[in-house]
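Notes for the structure review
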2 protein chains.
Amino acid sequence: MAKKRNLYLTSVPLSRALEEYVIQMAEVLNQREIQWVDVGDSLGKMTAEPVFARISAPHYNAAAMDGIAIDAAKTYGASETTPVQLQQNSDFVMVNTGAPLPDAFDAVIMIEDVVEVDEETVEIRSAATPWQHVRPVGEDIVKGELILPVRHLIRPQDMGALLSGGVTQVPVFRKIRVGLIPTGSEITAMTDPLPPGKIIESNSRMFKGLIETYGGETITYPVVKDEPRLLEAAVLRGVAENDLLVINAGSSAGTKDFTVDVLRELGSVMFHGIAIKPGKPAILAQVKGKPVVGIPGYPVSAYVVFEQIVKPLVYHYRLLPPPEPEMVEAVLARRVVSSLKHEEHIRIKLGQVSGRWIATPLSRGAGVTMSLVRADGMLTVPQEVEGYEKSTVVPIRLARPLKEIQNTLVSIGSHDLVMDLLSNELQAGGKGVALSSAHAGSMGGLMALKQGECHMAPIHLLDETTGRYNDAMAARYFPGKKMVLIKLVKRSQGLILPRGNLKKITGIADLTREDVTMVNRQKGAGTRILLDYYLKRDSIDPLKVKGYHREMTTHMAVAVAVGSGGADCGMGVASAAASMELDFLHLDWEDYDLLCEESTLELTAVQELLKIIRGDAFQKQVAAMGGYDLSQAGELVYLNQAT
Amino acid sequence: MAKKRNLYLTSVPLSRALEEYVIQMAEVLNQREIQWVDVGDSLGKMTAEPVFARISAPHYNAAAMDGIAIDAAKTYGASETTPVQLQQNSDFVMVNTGAPLPDAFDAVIMIEDVVEVDEETVEIRSAATPWQHVRPVGEDIVKGELILPVRHLIRPQDMGALLSGGVTQVPVFRKIRVGLIPTGSEITAMTDPLPPGKIIESNSRMFKGLIETYGGETITYPVVKDEPRLLEAAVLRGVAENDLLVINAGSSAGTKDFTVDVLRELGSVMFHGIAIKPGKPAILAQVKGKPVVGIPGYPVSAYVVFEQIVKPLVYHYRLLPPPEPEMVEAVLARRVVSSLKHEEHIRIKLGQVSGRWIATPLSRGAGVTMSLVRADGMLTVPQEVEGYEKSTVVPIRLARPLKEIQNTLVSIGSHDLVMDLLSNELQAGGKGVALSSAHAGSMGGLMALKQGECHMAPIHLLDETTGRYNDAMAARYFPGKKMVLIKLVKRSQGLILPRGNLKKITGIADLTREDVTMVNRQKGAGTRILLDYYLKRDSIDPLKVKGYHREMTTHMAVAVAVGSGGADCGMGVASAAASMELDFLHLDWEDYDLLCEESTLELTAVQELLKIIRGDAFQKQVAAMGGYDLSQAGELVYLNQAT
């Protein structure tokens, strides 16, 4: 039991830590290396010195029109009644646009104004003025002129001007080089199969992508095992080869987290523990004068620390302000509670319903990478704020373009694989319409729909009194309101069982067996309601069912729990069992439909959705999964219509 | 004289041409190749198929805390008064965060809640619930779950999620490949010296940069000389190797422009001549079913055709809407006249003066690359609009971030090299402050300042009655208004002469000599006013001065004209002669100062400017150029103060 653990972390406000750290690291960050690069490779780079034209453009007097080059003096007095005749070579030469003006000539007459007399002679009927239709030397760029000032981000048009000004190489600041050291004996590359206890090294790729987005470049070092001497060597190499070093994981206060000790030994630690959530265990240190940042291992914590700490450091080096994120004001769909101990960054799903932006907080678990993928934006709760009440209008920092989010149908309710297929078919349709599904169970969906937080709720709700699905419950939940059920599928519900069903489970009654542990769905899920209906019908006490209180939020999660041996069975749909190649005991067919307000049908996005539901492509894919009946797919059932 | 010329171009509205062209090319543009790439190389690419998780994350039940793994059932009933003792290995094992939960255990107790009894025994004082502090299989990602839908642009966080879900390669759309063929016998790579009639190949680099900005990649082919058979071969190769082919130049109706004939022969030409200015001679064609776009040779025309035609084609291929440009509403500083024959794109310099955005149209010459470099944005005058009156509020499409422009001091007036130095020093200062100089002559500057179009006007204006520079004229021009002259330099004005002064010009009187041709400055320029003052004083008739009517807008342009043999002399400053290594005949010292309103001094940017003017770095650079007197630099002269 005797292992040394780090002391508790301190907790410094983010803004103060960052400000002090940047001040201390400024001298190193401001030592920017200058590189001479070919103009063709300079796009997006910043000039390190002013760039002056080496030649003029044009560098000779050039014809600006197709026509004849002449000495203007010879045309003086020319008019319709007193035309002037000119001889080829002695009085004029033919010139195309861009051709050099011969020394003897000082003007160009457009070909349209030249009258041909014979092969050698032309007639001119109005006087030319000196230098007409001539691009004089330096009209565009004058030799010695400033083309680009120092600290200018080079754009495509700048590259053209540089070359025109005779400049082939430009002095630019080298990109910041960020070293990435992944640590942890449990971290490994993808192998098949992956042994338990091993975690795929995924953060470094995310970091590389983030640094590239910030305009830097990375070196990713091999994973360092949990051994202080190895980490020391890696850090010393990393600071020698980079402008900024990032060590991933080993920054919390766990028994194997000696990163902070190594950094203290090799250099100094300015901050260990920043008052942000997720991301608290971050370390801000220096080794050999170079900034070294320790990043927590959980992907969401890592992401937040990157955005909040690493990004400003990179932009400081780049001499640019970090790009301002697109913002939107949105109404909170749920109350958010946060601690005064930290500033909190909460992932948000957005949807525009009836003209209002609705912000639904996603999972706050630091380990849930998918919440970063699904998030449309982030809400920051400042340290001095304890949270926000439901319906508060809050600013959201967008993680993808508002336009994309704007055309997204928001669905909250029960989960089924057909929703993933629908989402995919909508995307593939290329109409710019998308479907976002949040899993809150059928009852959660009804509530969200009632509160205007979504466009539609996928539900499968059994009315115990009538034995009917969805219509009766929906009508009761929205009294007097014109609603529509978009019929989707009937699906086979039952028990998901391990391959081979070695425990020979044959029905609900087996759930009370001593050797059987189930896994359940969360309260409010249609599948949970169905199970409770069975237990009640068969007079089974839930307390007698082992695993009844272990809740999963999707069918797939139940299937995975059964498939991995974590449970002996669980209620769910046939398709989830099939996709994990598990056994399945059919118990009932249930209706899984989309409920929405009647007016929602008018949305273009919903019309697209209906086309897909009624189309062959979608129906074939659903049929292929097995366990679905599509006979009613796309039918509309109007509820609460005045009679 | 007998050369075949193309027929006049047709002129189709841009929107119609583009729409019809995209429809005709849609089938080819929609044939997108799918590539499988490593997740690490997928940043910014678009998924071509939905991507599903291959494994769950975590793929085993994992400890979510440092502590001990236990069977929760063994802790039931534990409390402060009835603690439960557990034995290492049989009842518990130590686990760190992330470690797998051994099969016999179903919960984790945090180390903080574990009381050590001896090396082998611990005591627990509250019951654990099953699955507490455990990350169950699939908590983050469930095997088989949709990680990314089709047509999703891959972000850094998506890369992390893909790897966590066991996905190492993703199907993405290959980038569009755009072939670039420069044409023209006069086009050449940079050589030193560059022969007259040769033009540096600069457009292809700009095109490459633009295509990269749009998210495509390019192949640049060798320059094709003006020979139809060579162009044919290049086009056939280009369409075979690319998704879209761009031919630069040879698209107008000049004698050597046979591009359109070649394209007609190899395929078909949908449009030759689009109603945009600049850019009219553009060609939209197809060869072997592939889109081929002919782009005019002048860089500004080329840029406009790229932005208006090539960009939408690339984004069509990418399945994305072109990014919406940042816009700003600005007040036109000058009247803009445009023809009903075309939609016109006018380069604009912006400045924020007294809270209003002022839009000053830049040179409309299609050959002036530097106008693209200097432009802050573009104004589109639609085809059906004849122009805008001065002071109209118009929408400007920004070419650089508004924030950068916001901190730019706008200077309109006389040109001097010290303005370039000042601009550079401001940029180098890194305070985010910039200086933009437009050259309009001293009188032009006074007028712009009066109309609130600039912050300051650099002027050198001789008052003939008093013989004084600037103060008298400025006070007269702004009666009763509190103004300030920021004293900058005294500079040596005189005649710029060819090296060696072979024509032995010794004064103003020589300008009337038969063998002497001068080059002049534009009306309103202080230097022009000074010359006119001399001519009047010496009773010289300007009509007797050859070249009097040939006007240049900068000192450097005058020096270049003299240096290239285009003129025998011109009035200008000593520094311009020195920088071109020319001879110089000193005539007078004049004051070159910055005029602004007194309130303008309060701007941070002006305070920065004053620091630089008064500083060593700037003064040393000016002194090194020669021909300047800095004894008053940075002094302030207040005008029109109430007494």
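Residues numbered from 1 in each chain as written. Chains lettered and ligands numbered in written order. Predicted model: local features only at pLDDT ≥ 70, side-chain atom pairs only at ≥ 80, totals over all residues. Heavy atoms only, no water.

Some points on the overall build of chain A
A tally of helices and strands in chain A yields 16 helices and 38 strands. On C-alpha atoms alone, chain A measures out to a radius of gyration of 35 Å, which is more than a quarter above the 26 Å that the 2.2 N^0.38 rule sets for 643 residues. Oriented by its inertia axes, the alpha-carbon framework of chain A measures out at about 115 × 75 × 45 Å. Residues classed as buried in chain A amount to 56% of the 643 residues present. The long-range fraction of contacts in chain A, counting pairs at least 24 apart against all pairs at least 6 apart in sequence, stands at 76%. Per element, the accessible surface of chain A, about 25900 Å² overall, is 53% carbon and sulfur. A distance of 12 Å separates the average location of the 66 positive side-chain charges in chain A from that of its 76 negative side-chain charges. (Helix = DSSP H or I, 4+ residues; strand = E, 2+ residues; numbered from the N terminus. Rg over C-alpha atoms; globule rule 2.2 N^0.38 Å. Buried < 20%, exposed > 50% of the residue type's maximum accessible area, 1.4 Å probe, protein only. Contact = heavy atoms within 4.5 Å. Areas by Shrake-Rupley, 256 points an atom, 1.4 Å probe, with all protein chains shown as cover. Lys, Arg positive; Asp, Glu negative; His and termini not counted. Charge placed at Lys NZ, Arg CZ, Asp CG, Glu CD.)

Observations concerning the relation of the copies chain A and chain B
The two copies are related by a screw operation: chain A maps onto chain B through 180° of rotation and 0.0 Å of translation along the axis, at an RMSD of 0.2 Å. Here the copies are linked by what is in effect a two-fold axis. No C-alpha of chain A lies nearer the rotation axis than that of A:Glu326, which sits 6.1 Å from it. A shared interface surface links the copies, since 98% of the contact residues of chain A are contact residues in chain B too. (Least-squares fit on C-alpha atoms with pLDDT ≥ 70 in both.)

Structural notes on the packing of aromatic side chains
Taken as a whole, this structure holds eight aromatic pairs over all chains when the rule is applied. Across the ring face of A:Tyr317, the terminal group of A:Arg32 is positioned such that the distance to the ring centre comes to 5.7 Å. (Phe/Tyr/Trp six-rings, centres within 6.5 Å; stacked < 30°, edge-to-face > 60°. Lys NZ or Arg CZ within 6 Å of the ring centre and 35° of its normal.)

A word on a negative patch on the surface
On the surface, a cluster of negative charge is made up of A:Glu116, A:Asp118, A:Glu119 and A:Glu120. With respect to the secondary-structure elements, A:Glu120 resides in the loop between strand E8 (114–116) and strand E9 (121–124). (Patch = residues over 30% accessible without salt bridge, like charges linked within 9 Å, V, L, I, M, F, W, Y side chains within 5 Å. Salt bridge = Lys/Arg side-chain N within 4 Å of Asp/Glu carboxyl O.)

Here's the deal with the domain arrangement of chain A
Residues and elements named next belong to chain A. We note that the domain assignment places domain 1 (14–30 + 176–318), domain 2 (34–57 + 140–173), domain 3 (62–135), domain 4 (327–399) and domain 5 (437–639) within chain A. Here the C-alpha centre of domain 5 lies 28 Å away from the C-alpha centre of domain 4. Of the residues lining the interface, six residues belong to domain 4; the matching set on domain 5 comes to five residues. For the pair domain 4 and domain 5, the two sides together bury roughly 540 Å², of which 51% comes from carbon and sulfur. Residues Glu453 and Lys390 are paired through a salt bridge, measuring 3.5 Å at the closest nitrogen-oxygen approach. Put simply, domain 4 and domain 5 have three residue pairs in polar contact (both at pLDDT 80 or more) between them. Contributions of two or more residues to the side of domain 4 that touches domain 5 are made by strand E24 (343–353) and strand E25 (356–361). (Domains from an automatic or database assignment. Buried area = accessible area lost by both parts, 1.4 Å probe. Polar contact = N/O pair within 3.5 Å; in protein donor to acceptor, adjacent residues only side chain to side chain.)

Here we look at the interface of chain A and chain B
On the side of chain B, 101 residues touch chain A, which itself brings 103 residues to the contact. Buried area between chain A and chain B, both sides added, is near 8800 Å², and the carbon and sulfur share of it is 60%. Linking chain A with chain B are four salt bridges. Measuring nitrogen to oxygen at the nearest pair gives 2.7 Å for the salt bridge that ties B:Glu324 to A:Lys403. On the surface where chain A and chain B come into contact, there are 20 residue pairs in polar contact (both at pLDDT 80 or more).

Here's the deal with helix H13 (residues 555–563) of chain A
Among the nine residues that make up H13(A), eight are buried, leaving the element largely enclosed by the rest of the structure. Along H13(A), the positions that sit buried rather than exposed are A:His555, A:Met556, A:Ala557, A:Val558, A:Ala559, A:Val560, A:Ala561 and A:Val562.

Observations regarding helix H6 (residues 299–318) of chain A
Residue and element names in this part refer to chain A. At Phe306, H6 shows its maximal bend, which comes to roughly 40°. Counted residue by residue, H6 has 17 buried out of 20 residues, so it is predominantly covered. Of the residues trailing H6, Leu319 is marked for its positive phi of about 65°. (Bend = angle between axes of the 7 residues up to and from the residue.)

Details of the pattern of salt bridges
Residue and element names in this part refer to chain A. Scanning the entire structure with this criterion turns up 78 salt bridges over all chains. Put simply, Lys311 and Glu307 hold a salt bridge, and the shortest N to O gap is 3.5 Å. Placement of the pair is Lys311 and Glu307 together in helix H6, with a separation of four residues, close to one helical turn. Looking at Glu307, the relative accessible area reads 23%, which means it is partly exposed.

Structural notes on the environment of A:Met65
All names here are of chain A. Tracing the sequence through the fold places Met65 in the loop between strand E3 (62–63) and strand E4 (67–70). Along the sequence, Met65 and Ala249 sit 184 residues apart, while their C-alpha atoms lie 67 Å from each other. The residues touching Met65, leaving out its near neighbours within four places in the chain, are Val95, Asn96, Thr97, Val108, Met110 and His133.

Regarding the sheet that holds strand E20 (residues 283–287) of chain A
Backbone hydrogen bonds are what pair the strands of a sheet, in a parallel or an antiparallel way. Residues and elements named next belong to chain A. Within the open sheet, the six strands sit side by side as E16-E13-E17-E21-E20-E18. Their pairing is mixed. The open sheet has two free edges, formed respectively by strand E16 (217–220) and strand E18 (267–272), since each of these has just one partner strand. Strand after strand, the sheet turns through a mean of 25° between neighbouring axes, direction not considered. Here five bridges tie E18 to E20, and the two strands are oriented antiparallel to one another. The residue bridging His272 from the neighbouring strand is Ile283, located in E20. Its contacts with the sheet put helix H5 (residues 259–266) on strand E17 (244–248), E18, E20 and strand E21 (290–295), and the angle it makes with E18 is roughly 135°. (Pairing = 2+ DSSP bridges. Axes fitted to C-alpha atoms, helices over the stretch in contact; angles between N-to-C directions.)

Overview of the confidence of the model for chain A
Residues and elements named next belong to chain A. When pLDDT is averaged across chain A, the result is 90; 97% of the residues are at 70 or more. Scored below 50 in pLDDT, residues 1–7 makes 23 contacts in the model with residues more than four places away or belonging to other chains. Scored by ipTM, the complex comes to 0.87, with pTM at 0.87. (pLDDT = per-residue confidence, 0-100.)

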